[in-house]
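Structure at a glance
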Amino acid sequence: MLELVWPGKVDAAGRALASGIVAEPLEWQPQYGLLNNPCSLSVQFFSHRVFAGENLDVLQWLRKGHEKYDVIYIDPPYNTGSQLTYSDKKSARDNQSGGGSVGWLSEIYPRLLLAKELLHEHGVMFVSIDDNESCHLLTLMREIFGHENHLGTIKWRRKRKPSFLDKHMSALFEYVLVFTRNSRVCPKLLGDLTEESTRPVLNASNKIVERVVPPQFPAQCADGVYPPGAYTNRSLTFELLDPLVVVEGQVQSTARVRGPFRIQQQIWETTGYITRNFGLRRRVLPHEQKRRHAEDDGSSWPTNEDGQDELRAVFGEERVFDFPKPVGLLSRLLSMIPQVDTNRPQRCLDFYAGSGSFLIAALEQSRNDQIQRQVDLVQSREKVRKGAAERYSDIAEICAHRVLVDSQLRGFSPSFDFLQLQQQE
């Protein structure tokens, strides 16, 4: 096995050990009113949690409580050369003494060790990263999780247009590393729905039975009177027992048809139709559509520009956060994970929460697939840069305001618990 070694690695691993901390309630009041009469799609008997504090402390606290997650997503700092705020003093010292990658690795290493412990055996972890540390991160995660548990790497197009300020090449793509705790029990990751929208209703080897074509039955064929008799379409033959009258795309009166039908009368009545060339076919119901195998191509997914548009819908034109991940990207990732236990919500964690997009994505995806999700966000109290500092004390406050307001702007009324961790006396 390939091992990544750097000065301070042993000390970094030691920082994954639990410290004496306890969780305390933290109340945040939004600086502008929430919508009246929010629309909740379902009754939720659980709360989403937003932790304000150092993620290393929160991860230790979660491990102490034996918490387990089905999905973990993180978007850690990319170490692009700008001044980074590391979450513990030791990492900062490593950064000063050994270069940017050393400090970055010393920060991420203990958090990945804890993340693996918090992940269910069948769980999946997604990590966003760019070229600056992708090689180091992939090597490190393979070391921690095992090479066999690397499910793949998604190539995500992060912006629509290239930047002409780049010296040599414009970087359009970033990556999402996908790992599981145990590939032997991890369920198959799901891709998009198949494009199959219709199916045949006849099968040559089936028993000949009779079906009824009711009035107002949809018909794409030309208007007219179709007399009784045998009709063949794509080598499949059926017999019309009564005259069938079509006017403006609808059958006018009841007609009987005999053939090797593969569906029952009720499905035929609710989904069937007559084709343009007078064949018989039916629409595919939503629950019948199959999902493709997950793919590593994220080039057509929402971009960082979409993420900024989403924040503007909440905060106005004020730029409160740089490079927020778009909700659509995170929804696509969540859609890959099937629900293993239908008796409980799918538990999700993001311990580099930033603007809180992951929780909004979970709400949106639950609306799409009806899978209940409970999300924990963790965001440090890093000071806000630029003009937003006049309104918000730190990024954790921005995150809390975003999930409060954006969830209701989108028609949700979830329950939130806001928590901070304190050292135990």
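In this text the structure is predicted, and so the values were computed from the model without any measurement. (Residues numbered from 1 in each chain as written. Predicted model: local features only at pLDDT ≥ 70, side-chain atom pairs only at ≥ 80, totals over all residues. Heavy atoms only, no water.)

1. What about the environment of P25?
Checked against the element boundaries, P25 lands in strand 1 (residues 21-25). Exposure remark for P25: the relative accessible area of 70% places this residue in the exposed category. For the pair P25 and Q420, spaced 395 residues apart in sequence, the C-alpha separation works out to 6.4 Å. Look past the residues within four positions of P25 in its chain and what remains in contact with it is F418, L419 and Q420. (Helix = DSSP H or I, 4+ residues; strand = E, 2+ residues; numbered from the N terminus. Buried < 20%, exposed > 50% of the residue type's maximum accessible area, 1.4 Å probe, protein only. Contact = heavy atoms within 4.5 Å.)

2. Some details on the pattern of salt bridges
Counted according to the given criterion, the structure contains 26 salt bridges. One continuous salt-bridge network, built from bridges that share partners, spans E364, R367, R402, D406 and R410. (Salt bridge = Lys/Arg side-chain N within 4 Å of Asp/Glu carboxyl O.)

3. Quick look at the packing of helix 9 (residues 357-369) against helix 10 (residues 395-409)
In contact at an axis separation of 9 Å, helix 9 and helix 10 are set at 25° when each is read in the N-to-C sense. Relative to helix 10, the element helix 9 lies roughly parallel. Judged by the twist between their axes, the crossing of helix 9 over helix 10 is right-handed. On the side of helix 9, the interface is formed by S357, L359, I360 and L363, while helix 10 contributes R402, V403, D406 and S407. Per-class residue counts for the contact of helix 9 with helix 10 are 4 nonpolar, 2 polar and 2 charged. (Axes fitted to C-alpha atoms, helices over the stretch in contact; angles between N-to-C directions. Parallel < 35°, antiparallel > 145°, perpendicular 65-115°, else oblique. Left-handed = near helix turned anticlockwise from the far one by under 90°. Nonpolar A, V, L, I, M, F, W, Y, C, P; charged D, E, K, R; others polar.)

4. Regarding the nonpolar core
One finds F126, L333, M336, F358 and L377 to be the most contacted residues of the largest nonpolar core, which totals 40 residues. For F126, the residues in contact, after removing those within four places along its chain, are V71, I72, Y73, I74, V176, L177, V178, L333, M336 and I337. Listed in part, the 39 residues of the second largest apolar core include W6, A16, Y78 and Y109. (Core = buried A, V, L, I, M, F, W, Y, C linked by side-chain atoms within 4.5 Å.)

5. Quick notes on helix 7 (residues 304-315)
Between its first and last C-alpha atoms helix 7 spans 16 Å; for 12 residues at 1.5 Å apiece the expected length is 16 Å, and the two agree. Of the positions making up helix 7, those classed as buried are N304, G307, Q308, E310, L311, V314 and F315. For helix 7, the buried positions fall inside an angular range of 160° around the axis, keeping them on one side. Buried residues along helix 7 sit in contact with strand 5 (150-157), helix 8 (327-335) and helix 10. (Expected span 1.5 Å × (residues − 1). Arc of directions from axis to C-beta.)

6. Some points on the pairing of strand 12 (residues 236-240)
Two strands pair when backbone bridges link them, and strand 11 (residues 229-233) and strand 12 are joined in this way by 5 bridges, in the antiparallel orientation. Bridged to Y231 within strand 12 is F238. Hairpin geometry of strand 11 and strand 12 is characterised by an intervening segment of 2 residues between the two adjacent antiparallel strands and by a positive phi of about 55° at R234. (Pairing = 2+ DSSP bridges.)

7. What about helix 5 (residues 134-145)?
Taking 1.5 Å per residue, 12 residues should reach 16 Å; helix 5 reaches 16 Å between its end C-alpha atoms and fits that length. At the C-terminal side of helix 5, G146 shows a positive phi close to 100°.

8. Concerning the confidence of the model for the protein chain
Confidence in the prediction of the protein chain, expressed as mean pLDDT, is 86, and 86% of residues score 70 or more. Note on residues 29-44: pLDDT is under 50 here. Beyond four places in sequence and across chains, it has 31 contacts. With pLDDT under 50 throughout, residues 81-87 is counted as low confidence; its partners more than four residues away or in other chains account for 18 contacts. (pLDDT = per-residue confidence, 0-100.)

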